[in-house]
Amino acid sequence: MSVEKKTSKISVGVLGFGGLGQAAARVLAPKSELVWVAAADQKGYAYCDAGLEADACIAAYQQKGSLGYLDPYGSLSSESIKDLIAKASVDGYFLALPNLPNTFMAAVARQFIDSGWQGVLVDALKRTSAVEQLLELQEELQQAGITYMTGCGATPGLLTAAAAIAAQSYAEIHSVKITFGVGIANWEAYRATIREDIAHLPGYNLEKARAMSESEIEALLDRTNGILSLKNMEHADDIMLELAGICPRDRVTVGGVVDTRNPKKPLSTNVKVTGRTFEGKISTHTFTLGDETSMAANVCGPAFGYLKAGIKLHRRGIYGLFTAAEVMPSFVK
Ligand code: NAD
C-alpha cells in the first residue's frame, strides 16, 4: 500500500516554448500528477483547462511560429505572459525563458508579484548575477504568496543538488567541480542556451552575444567546428552552495563542452566533490550522468520535480525563494 498522501492534480504552465519548453511538453505528457494546461511564447499563448496536447502545440509553434495559432486554444499577443497569467488557472509555471537581458527573469518574477497571482514558479537560470537579482525579491515573493524555486535545471540544478548530498560525508568541503558535456544536433533547437553559452567565451559578454545576428552565430560555430569550450563560467551553482552553507562560492567551478552539431555528448557530465572527513582523510565523490541522458531530460525532469516539491511547500503556506541545493525535488508520477 502506498503511504504517500493523495493530492489533487497539479495544473502546470510552461513559459517559453523553444527547445526546453517543447521538451517540457513531452516530459509532461505521460504524467498523471501534473496536467499541462498553459504555455506561452514571444508572440502568443495557448490555454486549455482540460490539458494541452504536446504534438498539436509543437506543430503550431514550428509550422506557424507561435502557440497563438493553435486552434481553438491559442491567442496571439505581444504581452503573452501578462495575458496568460490573467486568463489561466495554473498552480505552477516552469519558466523555460531565455534570460536575455540578464534582468529578464527577475522582471518576469516581478510581473507575477504585481499580478496578484499565487503559486509556484520554477526556473533553470544559469548565472550567479541573475539569482542575486531574485534574492532581492525574497520578501516581496513571500508577501505575494509565491514559492519560487530557482536554479532547478541540470547545472545549476541536478548537479548542485547532488553536490549538496555528496558534501554530507565531509567535515569540510575543499572543492566542487562541475564539468558538463552537451550534444545537440543543431544550435537552432536551443537558440537561447547557445547564445547564453557564447556569452561565456573569452572576448564575449551577454550584451555582445545578445546583439549577434544568426549568421554571426553560425560563422562563429563554423570557426569552432560547432564546438563551444567553456571554462570558469559564472554559474549560480556557486551562490546556491554558499547559501546552503556547504562551502564559500570560490570553491565551486563550472565548465564544459557543447557540441552543436552532434547529439552525442562530447564528454560525460559530472560533479566532483572533494573534502576532508572527520577522520582527516581527503577524498572525492564523483556523480556522473548517463551519457544517453539529454540536456532536455536533465533539465526538465528536475524542473518538474522541484515544481512538485514547491507545491508541497506552497500548500503548507511556505512562500519565498528557494534554490535546488536547499530543497529535495519530489519524483513526479
Ligand atoms: P529557446 O531560444 O529555444 O526558446 C526560448 C523561448 O522563449 C521561445 O519560445 C521564445 O518565443 C520564448 N520567449 C522569448 N521571449 C519571450 C517573452 N518575452 N515572452 C514569452 N516568451 C518568450 O530557449 P532554450 O534554449 O530552450 O533555453 C531556455 C533557457 O533555459 C535559457 O535561458 C537557457 O540558458 C536555460 N537553460 C538552463 C539549463 C540548466 O541546466 N540550468 C540548461 C539548458 C538551458
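Here's what I pulled together on the structure shown here. Note that the coordinates shown come from a computational prediction; the quantities given were computed from them, not determined experimentally.

The rules behind each value
- Counting from 1, residues in each chain are numbered in the order their sequence is written.
- Local features in this predicted model are restricted to residues of pLDDT 70 or higher, and side-chain atom pairs are both shown and tallied only at a pLDDT of 80 or more, whereas totals for entire chains, interfaces and linings draw on every residue.
- For side-chain calculations, the full set of non-hydrogen atoms in the structure is used, while hydrogens and water are omitted.
- Throughout, the term near means that a residue has one or more heavy atoms lying within 4 Å of the molecule or strand in question.
- Polar contact is defined as a pair of N or O atoms within 3.5 Å, subject to the rule that within protein one atom must be able to donate a hydrogen and the other to accept it, and that residues adjacent in sequence are counted only when both atoms are side-chain atoms.
- Every accessible area reported is derived by Shrake-Rupley at a probe size of 1.4 Å, with residue values counting cover from the shown protein chains alone.
- Each helix is a run of DSSP H or I of at least 4 residues and each strand a run of E of at least 2, with the numbering of both proceeding from the N terminus.
- Each residue gets one of three labels, nonpolar for Ala, Val, Leu, Ile, Met, Phe, Trp, Tyr, Cys and Pro, charged for Asp, Glu, Lys and Arg, and polar for the others, Gly among them.
- Throughout this description, buried means an accessible area under 20% of the type-specific maximum (1.4 Å probe, protein chains only), exposed means over 50%, and partly exposed covers the range between.
- By definition, residues are in contact when any of their heavy atoms lie within 4.5 Å.
- Strand pairing is assigned whenever DSSP identifies at least 2 bridges connecting the two strands.
- Note on geometry: axes are lines fitted to C-alpha atoms, helical ones only across the stretch in contact, with angles between N-to-C directions running from 0 to 180 degrees.
- Only Phe, Tyr and Trp rings take part, Trp by its six-membered ring, and two of them pair if their centres are within 6.5 Å. Stacked means planes under 30 degrees apart, edge-to-face means over 60, and tilted covers everything else.
- For this quantity, the arc is that covered by the directions from the helix axis to the C-beta atoms.
- Note: crossing handedness is left-handed where the near helix turns anticlockwise from the far helix by less than a right angle, and right-handed where it turns clockwise.

**Focus on the site of the ligand**
Inspection of the region around the ligand gives 29 residues, with Leu20, Tyr61, Ala154, Thr193 and Glu196 positioned closest. Between the ligand and the protein, one listed contact pairs an oxygen atom with a side-chain N or O atom of Glu196 at 2.7 Å. Alone, the ligand offers 880 Å² of accessible surface; in the complex the protein occludes 89% of this. If you list the elements that add at least two residues to the shell around the ligand, you get α1 (19-28), α3 (80-87), α8 (191-198) and α12 (295-315). Examining the composition of the shell around the ligand, we find that four residues originate from one element, α8, more than from any other. For the shell around the ligand, the class distribution of residues is 16 nonpolar, nine polar and four charged.

**Describing the side chain of His314**
The topology assignment puts His314 in helix α12. A relative accessible area of 18% means that His314 is categorised as buried. Those residues in contact with His314 that lie beyond four places of it in its chain are Gln118, Gly119, Val120, Gly145, Thr147 and Tyr319.

**Regarding the sheet that holds strand β12 (residues 282-288)**
Strands sit in the order β9-β10-β8-β11-β12 across an open sheet of five strands; the sheet is mixed. The open sheet has two edge strands, β9 (227-230) and β12, and neither has a second partner. Across the sheet, the axes of successive neighbouring strands diverge by a mean angle of 10 degrees, strand direction being ignored. In this structure, strand β8 (residues 172-183) lies alongside strand β10 (residues 252-259), joined through eight bridges in parallel fashion. Residue pairing for β10: Val182 is matched across the bridge by Val258. Here helix α7 (residues 158-166) sits on the sheet in contact with β8, β11 (270-276) and β12, set at roughly 25 degrees to β11.

**Topic: the packing of aromatic side chains**
A complete count under the given rule lists six aromatic pairs for this structure. Geometrically, the ring pair formed by Tyr93 and Phe112 is tilted, given 5.2 Å between the ring centres and 55 degrees between the ring planes. Here the residue Tyr93 occupies a position in strand β5 (residues 92-95), and Phe112 occupies one in helix α4 (residues 104-115), the gap between them amounting to 19 residues. The class for Tyr93 is buried, based on a relative accessible area of 1%. For the pair Phe94 and Phe304, a centre-to-centre distance of 5.6 Å together with 75 degrees between the ring planes defines the contact as edge-to-face. Residue Phe94 is located in strand β5, and its partner Phe304 is located in helix α12; the two are separated by 210 residues in the primary sequence. An identical accessibility class is assigned to Phe94 and Phe304; each is buried.

**What to know about helix α10 (residues 214-223)**
Here α10 has its buried residues at Ile217, Leu220 and Leu221. Buried residues in α10, looked at end-on, bunch into an arc of 95 degrees, giving them a common side. Summarising the geometry of α10, the exposed residues directed more than 90 degrees from the buried face are Ser215, Asp222 and Arg223. Once α10 finishes, Asn225 follows within two positions and takes phi at roughly 60 degrees, a positive value.

**Some details on the packing of α3 against α4**
The N-to-C vectors of α3 and α4 enclose an angle of 35 degrees; their axes lie 11 Å apart at closest approach. The way α3 lies across α4 gives a crossing that is right-handed. Residue-level inspection shows Ile81, Lys82 and Ile85 of α3 in contact with α4, the latter providing Val108, Gln111, Phe112 and Ser115. When grouped by side-chain class, the residues that make up the contact of α3 with α4 number four nonpolar, two polar and one charged.

**Looking at the environment of Ser66**
By secondary structure assignment, the location of Ser66 is in the loop between α2 (54-64) and β4 (74-76). Residue classification places Ser66 among the buried residues on the basis of a relative accessible area of 0%. Through-space distance from the C-alpha of Ser66 to that of Ser77 is 9.8 Å; in sequence the pair is 11 residues apart. In this view, Ser66 contacts Asp41, Lys43, Gly44, Ala60, Tyr61 and Leu76; residues no more than four positions away in its chain are not counted. Within the local environment of Ser66, its side chain forms a polar contact with the side chain of Asp41, the two groups lying 3.0 Å apart. A polar atom in the side chain of Ser66 sits 3.4 Å from the backbone nitrogen of Gly44.

**Details of the pairing of β5**
Side chains of β5 alternate between two faces, with Gly92 and Phe94 and Tyr93 and Leu95 buried alike. Relative to β5, strand β1 (residues 10-15) runs parallel, the two sharing four bridges. Across the sheet, Val12 pairs through a bridge with Gly92, a residue of β5. Two elements, β5 and strand β6 (residues 119-123), share four bridges in a ladder whose sense is parallel. Considered in β6, the bridge of Tyr93 is made with Leu121.

**Observations concerning the sheet that holds strand β13 (residues 320-323)**
If you trace the eight strands from one edge of the open sheet to the other, you get β4-β3-β2-β1-β5-β6-β7-β13, paired in mixed fashion. For this open sheet the edge positions go to β4 and β13, each flanked by a neighbour on one side alone. Within the sheet, the average angular offset between the axes of one strand and its neighbour, ignoring direction, is 20 degrees.

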